Structures are given as structure tokens and as C-alpha cells.
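Residues per chain are reported as follows:
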Amino acid sequence: MADLVRSIDLPLSMDFLAVSSYGNATKSSGEVELIKDLRYPISGRPVLIVEDIVDTGITLNYLLRMLEARLPASLKVAALLSKPSRRKIEVPIHYLGFEIEDAFVYGYGLDRSQLDRNLPFITSQAG
Ligand SMILES: O=P(O)(O)OC[C@H]1O[C@H](OP(=O)(O)OP(=O)(O)O)[C@H](O)[C@@H]1O
Ligand code: HPA
């Protein structure tokens, strides 16, 4: 996120929400839990959702529905990683870093059982 916004030369504000469907597992529970909502309204504003990874698409689908209902001026998606082979729900990604194979990845913000987000690189584990 910090790397991304440093390369956007526009006036912008950042807000954060937290959802979880993996908990400590490497497989989605299929149920998205809203842990923390946005602080500010987005009605009438152009909004860019920034995701680290789109895997099954369940989380992003939930976010798109939730945020669309708040009537932003526009709603787009940027994701660092996408695993198209794992998709259960088709979701739009307007700006994508990399498509990757089906492996659980972690590091550079992505967690493995809540740990390893602080690794300065992305790596994967088998299975
Ligand atoms: O496309 P999906 O299969 O829904 O997976 C993608 C989501 O999974 C991860 O969140 P997670 O639920 O692990 O929460 P976390 O970011 O707190 O680890 C990741 O940050 C995405 O939001
Ligand atoms: O491969 C992944 N790594 C970390 N979190 C995730 N959430 C969905 N897929 C992944």
C-alpha cells in the first residue's frame, strides 16, 4: 500500500477496513467477516479498493457489494496478486500486479497464520 500510493501523483486520502475469511488457515472458510469498517463515507467519491491478493474472489465480491451500496462515484480494484485458477466468483480487477499459480503465498504484507507479513519478499509453500 505504501509503495502504491507513493507512485500515485494525485491528491488522495486513504482509509482502511479489515475483513477475514481465512483466519489462521490456508483455505477460505467461504464466510467473510467484517472486522473493521471504513472510518469515512465514500458516497460520491471515486474509490479504489487495494487488495494484496485475489484468490477465490469471495472477499473481493463481498467488498464490492458492500461498497457499491454506499454509492461511490466509481469503484475500481487494484490487486498485487491474482490466482485465476482458484476463482469461485468472477470479480473485476482493473489494475493487477501479477497473475500467479495455485500456491499459498506469504510475505510482503501477506500472512501465514498471521505471521510473516513483514518479510520483504513474497514466497510460497507447497499444498
Ligand atoms: O479471494 P479470497 O479467497 O477471498 O482471498 C483473498 C483474501 O484473503 C486474504 O485475506 P484473509 O481472509 O486471509 O485476511 P487477512 O488479510 O487478515 O489475512 C487477502 O488479504 C484477501 O483479502
Ligand atoms: O496465498 C495466499 N496467501 C495469503 N493469504 C491469502 N489469502 C488468500 N490466498 C492467500
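Residues numbered from 1 in each chain as written. Chains lettered and ligands numbered in written order. Predicted model: local features only at pLDDT ≥ 70, side-chain atom pairs only at ≥ 80, totals over all residues. Heavy atoms only, no water.

1. Observations regarding the overall build of the protein chain
We apply this condition: Elements are defined by DSSP. Helices are runs of H or I of four residues or more, strands are runs of E of two residues or more, and each kind is numbered from the N terminus. Only the C-alpha atoms count toward the radius of gyration. The rule for a globule is 2.2 Å times the residue count to the power 0.38. Should any heavy atoms of two residues lie within 4.5 Å, those residues are counted as being in contact. All accessible-area figures derive from a Shrake-Rupley calculation using a 1.4 Å probe, and residue coverage is judged against the displayed protein chains alone. Only four residue types enter the tally: Lys and Arg on the positive side, Asp and Glu on the negative side, with His and both chain ends excluded. All charge positions are set by atom: Lys at NZ, Arg at CZ, Asp at CG, Glu at CD.
Of regular secondary structure, the protein chain possesses 2 helices and 7 strands. When the helices and strands of the protein chain are placed in sequence order, the string is α-β-β-β-α-β-β-β-β. Relative to its length of 127 residues, the protein chain is compact, with a C-alpha radius of gyration of 15 Å against a globular reference of 14 Å. Contacts spanning at least 24 positions in sequence make up 49% of the contacts within the protein chain whose residues lie at least 6 apart. Summed over its atoms, the accessible surface of the protein chain is roughly 8,300 Å², and 54% of this surface lies on carbon and sulfur atoms. Seen as two clouds, the 14 positive and the 16 negative side-chain charges of the protein chain have centres 3 Å apart.

2. Focus: the environment of aspartate 15
Inclusion rule: Polar contact is the term for a pair of N or O atoms within 3.5 Å; when the atoms are in protein, one must be able to donate a hydrogen and the other to accept it, and sequence-neighboring residues count only if both atoms are side-chain atoms.
Along the chain, the position of aspartate 15 falls in the loop between helix H1 (2–6) and strand E1 (18–20). Note: C-alpha distance between aspartate 15 and proline 92 (77 residues apart in sequence) is 21 Å. The contacts of aspartate 15, once residues within four sequence positions are left out, are Leu38, Arg39 and Tyr40. For aspartate 15, the side chain forms a polar contact with the main-chain nitrogen of arginine 39, separated by 3.0 Å.

3. So, helix H2 (residues 58–68)
Applied cut-off: Burial classes follow relative accessibility: with a 1.4 Å probe on protein chains only, a residue under 20% of its type's maximum area counts as buried, one over 50% as exposed, and anything between as partly exposed.
The buried fraction of H2 is high, at 8 of 11 residues. Listed as buried for H2 are Ile58, Thr59, Leu60, Asn61, Leu63, Leu64, Met66 and Leu67.

4. A word on the nonpolar core
What counts, and what does not: In plain words, nonpolar cores are sets of buried Ala, Val, Leu, Ile, Met, Phe, Trp, Tyr and Cys residues tied together by side-chain atoms within 4.5 Å.
Counting 14 residues, the largest nonpolar core has Ile49, Leu60, Leu64, Leu67 and Leu75 as the members making the most contacts within it. Of all the secondary-structure elements, those providing two or more residues to this core are strand E3 (46–54), H2 and strand E4 (74–82). It is H2 that contributes the most residues to this core, 5 residues altogether. Among residues more than four places away in sequence, those in contact with leucine 67 are Leu17, Leu38, Ile42, Ile49, Pro72 and Leu75.

5. Observations concerning the site of ligand 1
Let me state the cut-off plainly: One heavy atom suffices: a residue is near a molecule or strand as soon as one of its heavy atoms comes within 4 Å of it.
Tyr22, Glu51, Thr56, Thr59 and Asp111 are the nearest of the 15 residues found near ligand 1. One of the side-chain nitrogen or oxygen atoms of tyrosine 22 is found 2.6 Å away from an oxygen atom of ligand 1. Taking threonine 59, its side chain carries an N or O atom lying 2.5 Å from an oxygen atom of ligand 1. Protein burial of ligand 1: of its 490 Å² of free accessible surface, 88% is covered by the chains.

6. Details of the confidence of the model for the protein chain
As a note on interpretation, predicted positions should not be read in detail where pLDDT is low. Applied cut-off: On a range of 0 to 100, pLDDT expresses the predictor's confidence in each residue.
Summary statistics for the protein chain give a mean pLDDT of 94 and a share of 98% for residues scoring 70 or more. ipTM for the predicted complex: 0.93, alongside a pTM of 0.92.

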